[in-house]
Amino acid sequence: MEGGGGGSGRRVAAVGAGLAGLGAAQRLRGHGSLRLLEAAARAGGRVCTRRFVSGLVEMGAHWIHGPSPENPIFCLATHYGLLGPEAAREENQQVEAGGHPPLPSVTYGSSGRVLSPQVVNEARDLFNTLLASARAFCGSEEPPAPSVGQYLRMEIARRVPALGRGEEDAQRLQLAALAACLKLECCISGTHSMDLVALEPFGEYVSLPGLDCTFPGTSSRRGYSGLPDCMLSALPEGTVLLNKAVRTIWWQGSFRAEGDEARDFPVRVECEDGDTFLADHVIVTVPLGFLKERHQDFFQPPLPKQKAEAIRRLGFGTNNKIFLEFERPFWEPQQQLLEVVWENESPLEEPSANLEANWFKKLVGFVVLQPPEQHGHVLCGFIAGKESEYMETLSDAEVLSTMTCVLRTLTGNPRLPGPRSVLRSRWHSASYTRGSYSYVAVGSSGDDIDVLAQPLPEDPKDPRVISLGPGDAAAVREAGPPRAWGQTDGGGGQGTPGPEEHREVAFPILAPFRGHQPTTLGSSH
């Protein structure tokens, strides 16, 4: 099949029907014919709502961070009537919450006791202070350390004598709580270790105002997946082709459709099922994890060196969720967040590399899904990094057994009834995703995101046939020096991480036609 939408107008092929690809399709309506090709059986990418027990749960994107008029995701969700009345309140949109408003919480220690809120809060306040100081090196020519993790450990080591007011046991507990904070930041940054996250560009991230909000999963609303569903339904029928995995994009050729010898196309998109699509322009919005594995064969000719190097340098990590259903709650009704501290850990010591024995220790805690009348008694656990990827290799029975042991250890109750059922994400195992979201790694910078977003060919005299804006490297530089980042996120609430705070929400559709100015639209992970 030689496809492309027909007609004599400009043809555009877009690859990847996540929010970035759907946003591109919306923006291009009326500017030619478009085919949006999606490898999966559904649109939405890492926005994925599933039914679990009696309610809906978010396997990927969960919260909107910074739900305010500056956030395009919030504006789209509001436009489609997908949010609850609280999110629409103007005062909620103006709150400067820093992306992590607190939830009523309890912190369990690995000794089977509830830890003192004072101890936990002191550690968290110190960690947040140090994290804020890490952002001050944005633009520095000589930051004190290459990575955020190295800098934080260096600053924590300087303060050890004052921790716990010098009392040894209290000092150890403070260090353990700081180690838990570091794991949380791994979830927030979408990385295995903060040692992988570059220090100098860390301060480029800017949180938008507004109290984090979610998509209600009720009979009248469809959870977060309602957003891509609405975007999809607004497109002309036949625009989006599902189960249409792309094998190769030929982007510097001269191709002709069968029976049409009068017209040449510079782009030929070959699909795994043998279908081909000819186009004047192609927009690529696939995840960075996929590009890291496939870009050398995915593009023919291969991408220029600077783009290939940007793909290599930028970081891409895995965050996953583990949903656990209980017959009855062991937590108090007012508790919405259960945090975890392993009391023998310290941020100044190397964590164990034995994934089989210790993978569950990367869990930072559980959010209680609200309201229980809608969801049942369900906890949502968050885990990042290599431990998260190892979890994907286990069976449901193995995960349930491990979670039962962990919760019995934390509560100090060896007879605590285990969860009845489990549902978990597996973003690293997904062949067209290969992880959750991106970060600016040591050796890279925000400029690598800009390099990826520049259209090809590089010669401005040539038609811009390809725009490479992966759904993870989707950021727009605003008028000031920092990049402005709205967020569609799997993490929210103080101490609550998740797979969608890759801090990218603005996706650049970079001049797919000559003379058009770049525009922006929200992106998800």
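Relevant structure appears above.
**A word on the overall build of the chain**
Reasoning step 1: Check the secondary structure of the chain and you find 15 helices and 27 strands.
Reasoning step 2: The buried share among the 525 residues of the chain stands at 58%.
Reasoning step 3: Across the chain, the fraction of contacts at a sequence separation of at least 24, relative to all contacts at a separation of at least 6, is 75%.
Reasoning step 4: Surface summary for the chain: the accessible area is close to 21,100 Å², and the carbon and sulfur share equals 50%.

**Details of the packing of aromatic side chains**
Reasoning step 1: One pass over the structure, following the stated rule, counts 13 aromatic pairs.
Reasoning step 2: Geometrically, the ring pair formed by Phe298 and Phe299 is edge-to-face, given 5.2 Å between the ring centres and 90° between the ring planes.
Reasoning step 3: Of the aromatic side chains, those joined through ring pairs into one cluster are Phe290, Phe298, Phe299 and Tyr432.
Reasoning step 4: One cation-aromatic arrangement involves Lys361 over Trp342; the distance from NZ or CZ to the ring centre is 5.4 Å.

**Digging into the pattern of salt bridges**
Reasoning step 1: This structure, assessed with the given rule, holds 29 salt bridges.
Reasoning step 2: Note that Arg113 is salt-bridged to Glu343, the shortest N-O span being 2.7 Å. In this pair, Arg113 sits in the loop between β7 (105-109) and α5 (117-134) while Glu343 sits in the loop between β17 (337-341) and α11 (355-358), placing the two residues 230 residues apart along the sequence.
Reasoning step 3: With relative accessibility at 18%, the residue Glu343 sits in the buried group.
Reasoning step 4: Arg434 is the salt-bridge partner of Glu293, the closest N and O atoms lying 2.8 Å from each other. Of this pair, Glu293 sits in helix α9 (residues 288-298) while Arg434 sits in the loop between β20 (421-424) and β21 (437-439), and the two are 141 residues apart along the sequence.

**Considering the sheet that holds strand β3 (residues 33-37)**
Reasoning step 1: Ordered by their spatial adjacency, 5 strands build an open sheet running β9-β3-β2-β13-β22, and the pairing between neighbours is parallel. Edge positions in the open sheet fall to β9 (240-241) and β22 (466-468), since each of these has one partner strand only.
Reasoning step 2: Two strands pair when backbone bridges link them, and strand β2 (residues 11-15) and strand β13 (residues 281-284) are joined in this way by 4 bridges, in the parallel orientation. In the strand pairing of β13, Ala13 is matched with Val282.

**Let's talk about unusual backbone geometry**
Reasoning step 1: A cis amide bond links Gln370 to the next residue, Pro371, at an omega of -10°.
Reasoning step 2: Across the junction of Leu456 and Pro457, the peptide omega takes the value -5°, indicating a cis bond.
Reasoning step 3: Unusually for a residue other than glycine, Val53 sits at a positive phi of about 60°.
Reasoning step 4: The topology assignment puts Val53 in the loop between β4 (49-52) and β5 (55-58).

**A word on the side chain of Arg124**
Reasoning step 1: By secondary structure assignment, the location of Arg124 is in helix α5.
Reasoning step 2: By relative accessible area, Arg124 is classed as buried at 11%.
Reasoning step 3: A polar side-chain atom of Arg124 sits 3.1 Å from a polar atom in the side chain of Asn121.
Reasoning step 4: Reaching out from Arg124, the side chain makes a polar contact with the side chain of Glu339 at a distance of 2.8 Å.

Rules behind the numbers
- Residues numbered from 1 in each chain as written.
- Predicted model: local features only at pLDDT ≥ 70, side-chain atom pairs only at ≥ 80, totals over all residues.
- Heavy atoms only, no water.
- Helix = DSSP H or I, 4+ residues; strand = E, 2+ residues; numbered from the N terminus.
- Buried < 20%, exposed > 50% of the residue type's maximum accessible area, 1.4 Å probe, protein only.
- Contact = heavy atoms within 4.5 Å.
- Areas by Shrake-Rupley, 256 points an atom, 1.4 Å probe, with all protein chains shown as cover.
- Phe/Tyr/Trp six-rings, centres within 6.5 Å; stacked < 30°, edge-to-face > 60°.
- Lys NZ or Arg CZ within 6 Å of the ring centre and 35° of its normal.
- Salt bridge = Lys/Arg side-chain N within 4 Å of Asp/Glu carboxyl O.
- Pairing = 2+ DSSP bridges.
- Polar contact = N/O pair within 3.5 Å; in protein donor to acceptor, adjacent residues only side chain to side chain.

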